[in-house]
Amino acid sequence: MKQHDAFALRNFDEERILQRKFFWQLELPVGTDEEILDAFNVSSLKDSEAMTARLDDLRGLKAKVAAYTKRILNHHAKLEKFFDKAGDDKEKFRVWQLRQRYADVVHLLGNLQTNFNHIEQVGEKNLDEQRKREFATRLKQARRTAGLTQLDVALKLRQSAAGYASYEQGKNEPSIAMLIRICEVLGTTTDKLLGIKK
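Residues numbered from 1 in each chain as written. Predicted model: local features only at pLDDT ≥ 70, side-chain atom pairs only at ≥ 80, totals over all residues. Heavy atoms only, no water.

**Here we look at the overall build of the chain**
Across its full length, the chain holds eight helices and zero strands. When its helices and strands are written in sequence order, the chain yields α-α-α-α-α-α-α-α. For the chain, the proportion of its 198 residues judged to be buried stands at 34%. Of the contacts made within the chain by residues no fewer than 6 positions apart, 67% connect residues no fewer than 24 positions apart. Counting every atom, the chain has about 12400 Å² of accessible surface; 52% of that belongs to carbon and sulfur. (Helix = DSSP H or I, 4+ residues; strand = E, 2+ residues; numbered from the N terminus. Buried < 20%, exposed > 50% of the residue type's maximum accessible area, 1.4 Å probe, protein only. Contact = heavy atoms within 4.5 Å. Areas by Shrake-Rupley, 256 points an atom, 1.4 Å probe, with all protein chains shown as cover.)

**Points about the packing of helix 4 (residues 89-145) against helix 7 (residues 176-186)**
In the contact formed by helix 4 and helix 7, the axes pass within 10 Å of each other and the chain directions differ by 30°. Between helix 4 and helix 7, the angle is such that the two are roughly parallel. At the point where helix 4 passes helix 7, the crossing takes the left-handed sense. Touching F135, L139, A142 and R143 of helix 4 are L179, I182 and L186, all from helix 7. Tallied by class, the residues present in the contact of helix 4 with helix 7 amount to six nonpolar, no polar and one charged. (Axes fitted to C-alpha atoms, helices over the stretch in contact; angles between N-to-C directions. Parallel < 35°, antiparallel > 145°, perpendicular 65-115°, else oblique. Left-handed = near helix turned anticlockwise from the far one by under 90°. Nonpolar A, V, L, I, M, F, W, Y, C, P; charged D, E, K, R; others polar.)

**Concerning helix 5 (residues 150-157)**
All buried positions along helix 5 are accounted for by V153, A154 and L157. Angularly, the buried residues of helix 5 cover 100° about the axis, an arc narrow enough to put them on a single face. Across helix 5 from its buried face, at more than 90 degrees, point the exposed residues L151, L155 and K156. Looking at the packing, one finds that the buried side of helix 5 touches helix 4, helix 6 (161-168) and helix 7. Following helix 5 by one or two positions, R158 has its phi on the positive side, about 55°. (Arc of directions from axis to C-beta.)

**Things to note about the packing of helix 5 against helix 6**
Put simply, helix 5 and helix 6 touch, their axes get as near as 9 Å, and they point 115° apart. The interaxial crossing formed by helix 5 with helix 6 has right-handed handedness. Two secondary-structure elements touch here, helix 5 through Q150, L151, V153, A154 and L157 and helix 6 through A161, Y164, A165 and E168. Looking at the contact of helix 5 with helix 6 residue by residue, the classes come out as seven nonpolar, one polar and one charged.

**Observations concerning the confidence of the model for the chain**
For the chain, per-residue confidence averages 79 on the pLDDT scale, and residues scoring 70 or more make up 79% of the total. Segment residues 1-9 is flagged for pLDDT under 50; beyond a separation of four residues in sequence, or across chains, it makes 16 contacts in the model. (pLDDT = per-residue confidence, 0-100.)

**Overview of the pattern of salt bridges**
In this structure the tally under the stated criterion is seven salt bridges. Residues E124 and R59 are paired through a salt bridge, measuring 2.9 Å at the closest nitrogen-oxygen approach. Within this pair, whereas E124 is found in helix 4, its partner R59 is found in helix 3 (residues 48-85), the two being separated by 65 residues in sequence. Notably, a salt bridge pairs R143 with E168, separated by 2.5 Å at the nearest N-O pair. (Salt bridge = Lys/Arg side-chain N within 4 Å of Asp/Glu carboxyl O.)

This is the structure we're talking about:
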């Protein structure tokens, strides 16, 4: 094996140290699916802002893992060339070992991405449900502040009582046009009902 190839192999050994450092920098358990799910579970959070922040953190980690996976796959491909250039069985075995280790890392990263995708899907669903609950709470408070009953609002909106009640129960969300009409009836703004902070 040529001198520059041997130097490259030493770099691959250093890269394995970087792999361990990378997982440590993730600051999350990678041992089991349950531990990863717990680390990014948003259902335990009580408000949409905290849920959104945790999902943003998750998406940032997904991007890091994707970039790192690409880097590892590139190194794994280079090792195949080193294997062909290896001079004796000892060198070939060493390169083969490195390739196996890189393949294991790629497999681990793939599982990590799969778990992240699942957590993100569940988290987005939980976030959507939480936003509906928060909207329902703000809507109910605005109606009570206006001194109106659900029936009063429904009549002013020319809507069924059950239809309006479904908004306050978090079962349905009003259309944009209906939201504007509700704001006019309750004397509030869309920003307040939607919880938009300026």
